[in-house]
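Given next are the chains, with one letter for each unit.
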Amino acid sequence: MTLRSEREGRAADDLARHLLDTGALTPEWADAFRAVPRSLFLPDLFWAYDMATGRSEPVVRSEDPAGWERAAYEDIPAVTQWDDGQHVGTAPGSRGTSSASMPSVVASMLRDLDVRDGTRVLEVGTGTGWNAGLLAHRLGSGSGSGRGRGSGNGNGHGNVVSVEIDPAVAASASDALARAGLGPRLVEGDGREGWPPGAPYDRLIVTAGVRRFPAEWLEQTRPGGIILAPWGTHYSNQDALVRLTVGEDRRGAGPFLRTVEFMKLRDQRLDWNRFVEHVKEFPGDADASRTSRTPADLGDRYETPYFVIGLCVPDCAHVVNVGDSGEDGDAKAWFFDFLSQSWAAVVFSPGAPDATVYQSGPRRLWDEVERALTWWISRGRPDVDRFGLTVDQDGTARPWLDTPVGVLPSFA
């Protein structure tokens, strides 16, 4: 039985009511959200993420208990670990490496997972353990509580298995689940490998951003089963939630549902150091031209063109830097090729009718981006939910528009 205070109970009830009102939470999940308080799974120090400013602010329970509890039940992400656990102090670290997702994101993903009584679920990325706890409350923990790799054919492991790569994060999640009186099977290991002893699973849910699908996930999901994962390209940090149905041939196919943004699987993070030798001098001998495109044409981190360009311009990373003079200064949109030292930069100057384009190397990255934008516009600016993904048995992913036969053009 979940151990919670009366105040926690009221806060959990209020959160469930809010999520029901917004449609993120469906009635069949309401009891779980009321019975499994988010606050039980948050550490005494976490960093509340401000969606408007993009800043993470420390929240310390011992210093401000009421403020800590308010933040625990706000519909915001909370960073719970920086720099793979190497960070100390209350100031934010360099890179968030574990977090508690927004409650509305958690609720909507559980809705999209479409579980029923008896559904067996593998979760990749335990994090705080809250998502695993909600699943266990709804589907049952069985007799497989506790941590460890386990053995056997999966019998007796309950309906929920969750895999976490970070030992410290796994330990915290295990303690929180014990406090909540819940016992999903918690495996300390690499989520890319899934957990074969519990296979086949009816559902596989991933709570980290994915750039390559491991073949093991397809192998361990039964035919007709569903894989729900945030997937994207290295063009940006943006993901889109994809819902794959696994076929008899162990291929997965399905639509994107909406854009999201998750911390990436550890071995799939983009290492920006690989591009340090691309631009030895700016602009150097790069070819120069002009474009009437604006930053708005490229979209921002949650908009459709941002995602579609990544689909159509493979092996390309994109970042925007604003000059020292802030909003009134030049902005540079950079594009880097993974397979050569080709690069492009577009300099947007306030008040200028056109932007200056610089391109270097055998690959004309900005030309590819413009062709991708032109193609998207010519198709009527389709939203993300008109696109989908087919994933082969080896993990190769092929995006499409409207149907799996409508494979997207590649402008590389």
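Quantities reported herein were computed from a predicted structural model and do not represent experimental measurements. (Residues numbered from 1 in each chain as written. Predicted model: local features only at pLDDT ≥ 70, side-chain atom pairs only at ≥ 80, totals over all residues. Heavy atoms only, no water.)

Draft legend 1. Fine view of the packing of aromatic side chains. Going through the model one piece at a time under the given rule, you end up with 18 aromatic pairs. Measuring from centroid to centroid gives 5.1 Å for phenylalanine 282 and tyrosine 358, while their planes differ by 75°, and the two rings are edge-to-face. On the criterion of sequence distance, the pair formed by phenylalanine 282 in the loop between β12 (252–260) and β13 (287–291) and tyrosine 358 in strand β17 (residues 355–360) is long-range, its members being 76 residues apart. Looking at phenylalanine 282, the relative accessible area reads 32%, which means it is partly exposed. Taken together, the ring pairs connect Trp272, Phe275, Phe282, Trp334, Phe336, Phe338, Trp343 and Tyr358 into an aromatic cluster. Over the ring of tryptophan 68 we find arginine 61; its NZ or CZ atom is 4.0 Å from the centre of that ring. The ring of tryptophan 29 has arginine 138 sitting right over it, with the charged end atom 4.9 Å from the ring centre. (Phe/Tyr/Trp six-rings, centres within 6.5 Å; stacked < 30°, edge-to-face > 60°. Helix = DSSP H or I, 4+ residues; strand = E, 2+ residues; numbered from the N terminus. Buried < 20%, exposed > 50% of the residue type's maximum accessible area, 1.4 Å probe, protein only. Lys NZ or Arg CZ within 6 Å of the ring centre and 35° of its normal.)

Draft legend 2. Representation of the pairing of strand β9 (residues 201–206). Across the six residues of β9, six count as buried, placing the element largely inside the fold. Pairing of strand β5 (residues 121–124) with β9, which is carried by four bridges, proceeds in the parallel orientation. Within β9, the residue paired with glutamate 123 across the bridge is isoleucine 205. Summarising the sheet, β9 and strand β10 (residues 221–231) pair through four bridges and their orientation is parallel. Following the sheet pairing, tyrosine 201 is matched in β10 by threonine 221. Of the crossover connections in this fold, the one passing from β9 over helix α7 (residues 215–220) to the parallel β10 is right-handed. (Pairing = 2+ DSSP bridges. Right-handed = clockwise from strand over helix to strand, strands pointing away.)

Draft legend 3. Expanded view of the pattern of salt bridges. Counting across every chain of the model gives 25 salt bridges. The closest approach of N and O atoms between arginine 34 and aspartate 31, which form a salt bridge, is 3.7 Å. With arginine 34 and aspartate 31 both in helix α2 (residues 27–35), this residue pair falls three residues apart, about one helical turn. The exposure class assigned to aspartate 31 is exposed, which follows from its relative accessible area of 53%. With its nearest N and O atoms 3.1 Å apart, the salt bridge here joins aspartate 249 to arginine 251. (Salt bridge = Lys/Arg side-chain N within 4 Å of Asp/Glu carboxyl O.)

Draft legend 4. A look at the sheet that holds strand β3 (residues 78–82). Here we have four strands laid out as an open sheet, ordered β2-β1-β3-β4, and antiparallel in their pairing. Two strands close off the open sheet at either side, each with one partner strand: β2 (56–60) and β4 (96–100). Taken pair by pair, the neighbouring strands of this sheet meet at an average axis angle of 40°, ignoring direction. As defined by bridge partners, β3 adjoins β4 across four bridges and the pair is classed as antiparallel. Looking across to β4, one finds that alanine 78 is bridged to alanine 100. Sitting on the sheet, helix α3 (residues 65–72) touches β1 (45–49) and β2, and the angle it makes with β2 is about 130°. (Axes fitted to C-alpha atoms, helices over the stretch in contact; angles between N-to-C directions. Contact = heavy atoms within 4.5 Å.)

Draft legend 5. Structural detail: unusual backbone geometry. Following alanine 199, the chain continues into proline 200 via a peptide bond in cis, with omega recorded as 0°. Mapped onto the elements of the fold, proline 200 is located in the loop between β8 (185–188) and β9. Of note, the amide linkage connecting phenylalanine 282 to proline 283 takes the cis form, showing an omega dihedral of -5°. Structurally, the position occupied by proline 283 is in the loop between β12 and β13. In this structure, aspartate 402 is a non-glycine residue whose phi angle is positive, near 75°. Structurally, the position occupied by aspartate 402 is in the segment after β19 (397–401). The class for aspartate 402 is partly exposed, based on a relative accessible area of 43%.

Draft legend 6. Layout of the pairing of strand β15 (residues 331–337). Burial runs high along β15: six of the seven residues are buried. The pairing of β15 with strand β16 (residues 343–348) spans six bridges and is antiparallel. Across the sheet, residue alanine 331 finds its bridge partner in β16, namely phenylalanine 348. Between β15 and the antiparallel strand that follows it, β16, lie five residues.

Draft legend 7. Seen up close, the side chain of aspartate 239. If you trace the backbone, aspartate 239 turns up in strand β11 (residues 239–246). Beyond its immediate sequence surroundings of up to four residues, aspartate 239 is in contact with Gly209, Arg211, Pro230, Trp231, Gly232, Arg258, Thr259, Val260, Glu261, Phe262, Lys264 and Phe307.

Draft legend 8. Layout of α2. Those residues of α2 not exposed but buried are Trp29, Ala30, Ala32 and Phe33. Along its buried surface, α2 packs onto α1 (6–22), α4 (103–113) and α5 (130–139).

Draft legend 9. View of the nonpolar core. In terms of nonpolar packing, the biggest core is built from 54 residues, with Phe213 and Phe335 touching the most fellow members. For this core, the leading source of residues is helix α10 (residues 365–378), giving seven residues. Those residues in contact with phenylalanine 335 that lie beyond four places of it in its chain are Tyr235, Leu298, Cys316, Ala317, His318, Ser342, Trp343, Ala344, Val346, Leu365, Trp366 and Val369. By size, the runner-up hydrophobic cluster in this structure holds 48 residues, among which are Ala11, Ala30, Tyr73 and Leu113. (Core = buried A, V, L, I, M, F, W, Y, C linked by side-chain atoms within 4.5 Å.)

Read these as spatial facts, not as claims about activity.
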